[in-house]
Amino acid sequence: KDVDLNGVFGSAEKIKTISLPKNLSKIGSMDFCLCSSLETISIPANVTEIGSYAFQDNKSLKSIIFEGNITTIGAHSFDGCELLTDIVFPDTISQIEEYAFYNCISLKKISLPSSLTIVEEFSFGNTGIEEITIPKDVVLEKYDSTSFVQPDHNINVYVYSGSWIDQNFDTVFS
C-alpha cells in the first residue's frame, strides 16, 4: 500500500541499504532524506514518482538504479548527494523538478532520457557534470536557462544536428 511516510526514515544515520517493496508506486516527500550512510538505492519498476526532498543530503549515496516506470523526480530529491556518480535514467522520465540534482558535485556524466519534456530551474545546477548527451527526439516544453548552470566549469553537450535541442541550444544552455 502506498503511504506518504513524511520523512519517517529521514535522518536515519545507520541505514546503508533499502529494499523497497515491488508494488510501491511513489516515494514520498522527505522519506529518506539525511540518511548519511545510504550508499545505493534501487527504485522499483512500479514507482512513478519521487517526492520532493526524498533523498536530499544523503552524503554517502553513490548510485541510483531506476528499474522502470518513473515519470517525475521531485524538487530537491537528490540535492546535496555529494558522492553520487552513477545515474542511468529510464526512458519514462518526463519531468525533473527544480534543484533535483543540485550540488551533486561528483556527478560527471549524464545522458538525458528521450522522454524528457520538463527540466526546471537548477535541476542539474552546481554539479560536477562535464558531459551531457541529449537524444535527438528530446523536445523540452518547459525549461529554465539555469537548469544546467555550472558556476565554475564548462560542460560538453552532445546533441544531434537539426534536433530541437540543437535549434534551441542558446536558450536552453544560455
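Residues numbered from 1 in each chain as written. Predicted model: local features only at pLDDT ≥ 70, side-chain atom pairs only at ≥ 80, totals over all residues. Heavy atoms only, no water.

A.B. asks: Honestly, the sheet that holds strand E9 (residues 118-119) in this entry has me stumped. Any pointers?
C.D. replies: Strand pairing in a sheet relies on backbone hydrogen bonds. The paired strands run either parallel or antiparallel. Across the sheet, which stays open at both edges, the six strands sit in the order E1-E3-E5-E7-E9-E11 with parallel pairing between neighbours. Edge positions in the sheet fall to strand E1 (26-27) and strand E11 (142-143), since each of these pairs with one other strand and no more. Two elements, strand E7 (residues 95-96) and E9, share two bridges in a ladder whose sense is parallel. Paired with isoleucine 96 across the two strands is valine 119, which belongs to E9. (Pairing = 2+ DSSP bridges. Helix = DSSP H or I, 4+ residues; strand = E, 2+ residues; numbered from the N terminus.)

A.B. asks: How should I be thinking about the layout of surface pockets in this particular structure?
C.D. replies: One water molecule sets the probe size; rolling that probe over the atoms shows where empty space is left. As a volume, the largest pocket reaches approximately 210 Å³. Lining of the largest pocket is provided by Ser145, Phe148, Val149, Gln150, His153, Asn154, Ile155, Val157, Phe169, Val172, Phe173 and Ser174. Its residues placed into classes, the lining of the largest pocket shows seven nonpolar, five polar and no charged. (1 Å grid on protein atoms, 1.4 Å probe; cavity = no way out; pocket = protein on both sides within 12 Å on 5 of 7 lines; lining within 4 Å. Points joined across faces, edges and corners; volume = space filled by probe spheres on them. Nonpolar A, V, L, I, M, F, W, Y, C, P; charged D, E, K, R; others polar.)

A.B. asks: Whenever I open this one, the pairing of strand E4 (residues 63-66) confuses me. Can you help?
C.D. replies: On any regular strand, side chains alternate: one points to one face of the sheet, the next to the other face. Bridging between strand E2 (residues 40-43) and E4 involves four bridges; their strand directions are parallel. Counted as the bridge partner of threonine 40 is serine 63 from E4. Two elements, E4 and strand E6 (residues 86-88), share three bridges in a ladder whose sense is parallel. In the strand pairing of E6, isoleucine 64 is matched with isoleucine 87.

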